[in-house]
Amino acid sequence: MRHELPWLWKVESRRLLWLLGLTFALIVTFQYIELPYAISSLFSSTKIPFSRNSTSLLGDGEHHNGNLTPAMAPSFSQKNSTLTNSEGDEEEVEVDQIFDSRGNATAPSALPNATAHNARAEAPVSLPGFTPSSVKENATAHNAEAPADALPGLNPSPVKENATAPAAYAEAPAVSPGLKKNATTPVASVEAPALLPGLSPSPVKENATTSQENGKMPDSGVMSISEMSKKLRENRISHNRLAKKPKWVTKPDLELLQARYEIENAPIDDKDPLLYAPLYRNVSIFKRSYELMEKMLKVYVYKEGDRPIMHSPMLRGIYASEGWFMKLIESNNNKFVTKDPSKAHLFYLPFSSRMLEVTLYVQDSHSHRNLIQYLKDYIDFISVKYPFWNRTSGADHFLAACHDWAPSETRKHFSKSIRALCNSDVKEGFVFGKDTSLPETFVRDPKKPLSSLGGKSASQRPILAFFAGKPEHGYLRPILLSYWGNNKDPDLKIFGKLPRTKGNKNYLQFMKTSKYCICAKGYEVNSPRVVEAIFYDCVPVIISDNFVPPFFEVLNWESFALFVPEKDIPNLKKILMSISERRYKQMQMRVKKVQKHFLWHVKPEKFDMFHMILHSVWFNRVFQVSV
């Protein structure tokens with residue numbers, strides 16, 4: 001017994017020491033984790049959300065730009081990659097101050113509207129036709145996520161996860177050659193809320209910046225037609241840079257990929273009697289693309305939204321293009337429209353940019369913030385009610401807008417969407433390969449949109465060139481009039497505003513009897529005279545720097561129109577006289593052949609304006625889609 005006690009004492013002592021050591025380690029670990037936050041809470045009243053499942057708000061220094069206050073950066077959940085919420089089970093941590101990546105102290109700054117877990121969680125209470133209760137019921141159904149490049153300086157490392165789709169999208173057809181079957185979706189990043197940009201008396205001008213996708217403008221600040229074509233080719237090749245991968249892959253996505261494969265491998269066919277090959281960049285590609293559009297394209301048109309801004313087409317005047325397109329695509333017998341959104345390749349946003357201005361713009365306010373907010377509220381509403389916008393961040397959605405303000409009104413909240421714009425200005429953020437140029441048409445009689453079509457033959461046009469328009473519209477027209485107005489040259493009929501006559505016969509007669517019709521810009525780059533010239537068989541002479549002409553994706557504009565740089569107005573007659581008669585007749589013949597693409601029909605016809613607008617949207621989407 002005497003020999004056993006020392007041995008038992010040694011064993012028990014060892015166990016006791018192990019137990020004490022383990023207890024000490026646990027205490028140290030606990031203090032290491034919790035003590036800093038407990039200490040900071042004694043000295044600060046500023047709280048920020050903190051989640052154990054998310055990375056630190058401060059993050060790594062390499063993820064922040066020196067100009068970005070880390071307090072503005074949202075935290076990222078590795079699992080869900082969504083903004084953490086200050087409500088619920090999240091743990092709040094108090095901090096005195098937040099340090100940037102350089103170790104400099106910065107005052108905590110509040111994120112506007114930062115309490116929403118879902119960026120699209122609230123419906124606009126002021127938007128007619130929107131039911132706030134329905135928004136609240138579905139507020140957690142779909143997470144709206146925006147591209148990371150919208151948040152300056154924040155570049156989180158993307159984490160790929162297997163995309164999961166709703167049951168309705170579970171099945172997909174066989175993948176075309178060269179396509180990966182198991183698509184992965186990158187974790188979507190989050191856009192920090194930002195205030196609307198300030199707006200000047202000319203709000204479009206203040207925010208006029210060239211899109212990053214367009215690259216740098218030439219040193220002259222003017223992008224020529226050949227440079228535009230080069231940029232279009234570059235963006236087509238690097239379409240993955242423009243495309244945002246969807247959160248999950250649908251059957252229509254794979255159909256678009258199959259269509260792209262067939263278009264890129266289209267058989268050579270330049271003998272079609274309906275398609276005159278010199279008018280197109282590649283007539284074989286256009287023909288195959290158009291055939292596939294007719295065969296498979298399905299468009300879902302949102303029914304939400306009240307008149308007069310939504311679903312109210314204007315069919316007369318210079319904004320008629322957006323109205324006619326809306327009217328025709330919303331007609332009951334349109335074969336492209338589907339009532340089943342799961343089958344849709346494209347989603348149409350049926351608003352009128354003209355009616356938006358008429359209804360909401362405050363006279364002499366020189367601000368269209370409320371117009372932008374209305375459109376944002378509409379997107380918020382449909383993105384909560386449906387999953388489609390959030391699936392692609394709007395990349396498969398499109399709009400058609402002809403008002404001058406449309407580029408700036410849609411630049412931010414529709415940055416991934418396909419925009420068909422009359423004001424297709426390179427300097428206003430037009431993105432080649434994504435956006436498309438909408439023809440601006442002046443419809444005088446909606447019941448007879450083709451009245452007065454055509455003009456004199458090439459040999460019966462005695463006037464070299466014609467222009468008439470309000471001289472106070474923009475800076476360019478006074479220059480044109482100062483050089484060539486007031487009958488300074490008998491061959492050039494350059495006027496200010498013509499005297500009004502019944503049926504505008506003077507204007508029409510000049511158009512119908514002139515060889516060249518001058519299409520000089522007004523306040524913005526677009527002008528209805530481009531389409532008017534084609535309508536009256538007159539060769540367009542476009543004087544508007546950085547204007548992207550309609551259907552630029554498929555048409556070879558230099559085969560039937562002239563582009564004169566604004567700086568060359570003094571040499572206008574010399575330029576026109578340098579064109580041989582043979583060349584002029586060839587161009588005028590081509591104008592007559594391309595004319596069918598610029599006509600509205602009460603009942604749409606093959607290759608007409610309605611189909612060409614839809615084709616441009618389809619074509620750009622086909623070359624953007626990515627899985």
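Structure: above.
Report follows, based on the coordinates. (Residues numbered from 1 in each chain as written. Predicted model: local features only at pLDDT ≥ 70, side-chain atom pairs only at ≥ 80, totals over all residues. Heavy atoms only, no water.)

**Side note on unusual backbone geometry**
As a rule of thumb, non-glycine residues mostly have phi less than zero, and peptide bonds are mostly trans rather than cis.
Then step 1. Residues Arg-307 and Pro-308 are joined by a peptide bond in cis, for which omega reads 5 degrees.
Then step 2. At His-311, a position not held by glycine, the phi torsion is positive, near 60 degrees.
Then step 3. With respect to the helices and strands, His-311 occurs in the loop between strand 7 (299-301) and helix 8 (320-329).
Then step 4. At Ser-393, a position not held by glycine, the phi torsion is positive, near 55 degrees. (Helix = DSSP H or I, 4+ residues; strand = E, 2+ residues; numbered from the N terminus.)

**Topic: the state of the cysteines**
Then step 1. Per the stated rule, a full pass over the model turns up 2 disulfides.
Then step 2. Across the disulfide, Cys-402 is cross-linked to Cys-422 (sulfur-sulfur distance 1.9 Å). Where Cys-402 bonds to Cys-422 through sulfur, the torsion about that S-S bond is close to -85 degrees, and the disulfide is left-handed. You can see Cys-402 sitting in the loop between strand 9 (397-401) and helix 12 (406-410) and its partner Cys-422 sitting in the loop between strand 10 (418-421) and strand 11 (436-437), a full 20 residues away along the chain. Take Cys-402 and Cys-422: they sit in the same class, and that class is buried.
Then step 3. If you count the bonded cysteines of the chain from the N-terminus, they pair up as 1-2, 3-4.
Then step 4. Its sulfur unpaired, Cys-519 is 6.7 Å from the next cysteine sulfur, which belongs to Cys-517.
Then step 5. Under the relative-accessibility criterion, Cys-519 is labelled buried at 2%. (Disulfide = S-S within 2.5 Å. Buried < 20%, exposed > 50% of the residue type's maximum accessible area, 1.4 Å probe, protein only.)

**Let's talk about the sheet that holds strand 10**
Then step 1. As summarised here, the arrangement of the 5 strands in space is 7-8-9-10-11, forming an open sheet in which the pairing is parallel. Looking at the sheet topology across the chains shown, the edges are occupied by strand 7 and strand 11.
Then step 2. Bridge analysis of strand 7 against strand 8 (residues 346-348) gives 3 bridges, and the strand direction is parallel. The residue bridging Val-301 from the neighbouring strand is Tyr-348, located in strand 8.
Then step 3. Helix-sheet contacts for helix 8 involve strand 7, strand 8 and strand 9, and the interaxial angle to strand 9 is about 135 degrees. (Pairing = 2+ DSSP bridges. Contact = heavy atoms within 4.5 Å. Axes fitted to C-alpha atoms, helices over the stretch in contact; angles between N-to-C directions.)

**With respect to the nonpolar core**
Then step 1. Judged by nonpolar contacts, the single largest core of 100 residues is most densely connected at Phe-325, Phe-398, Tyr-516, Ile-518, Leu-572, Leu-614 and Trp-618.
Then step 2. For this core, the element with the highest residue contribution is helix 18 (residues 609-622), accounting for 9 residues.
Then step 3. Within the second largest apolar cluster, 26 residues are counted, among which are Met-310, Phe-381, Leu-399 and Ala-406. (Core = buried A, V, L, I, M, F, W, Y, C linked by side-chain atoms within 4.5 Å.)

**What about the pattern of salt bridges?**
Then step 1. Considering all chains together, one arrives at 19 salt bridges under this definition.
Then step 2. Of the charged contacts, one joins Glu-234 and Lys-231 as a salt bridge, the two residues approaching to 3.1 Å between their closest N and O atoms. Linking Glu-234 with Lys-231, this pair stays in helix 4 (residues 225-237), spanning 3 residues, or about one helical turn.
Then step 3. With relative accessibility at 14%, the residue Lys-231 sits in the buried group.
Then step 4. We note a salt bridge from Glu-581 to Lys-515, for which the minimum N-O separation is 3.3 Å. Highlighted residues: Glu-581 in helix 17 (residues 581-594) and Lys-515 in strand 14 (residues 514-520), separated in sequence by 66 residues.
Then step 5. Here Glu-581 falls in the partly exposed class, since its relative accessible area comes to 38%. (Salt bridge = Lys/Arg side-chain N within 4 Å of Asp/Glu carboxyl O.)

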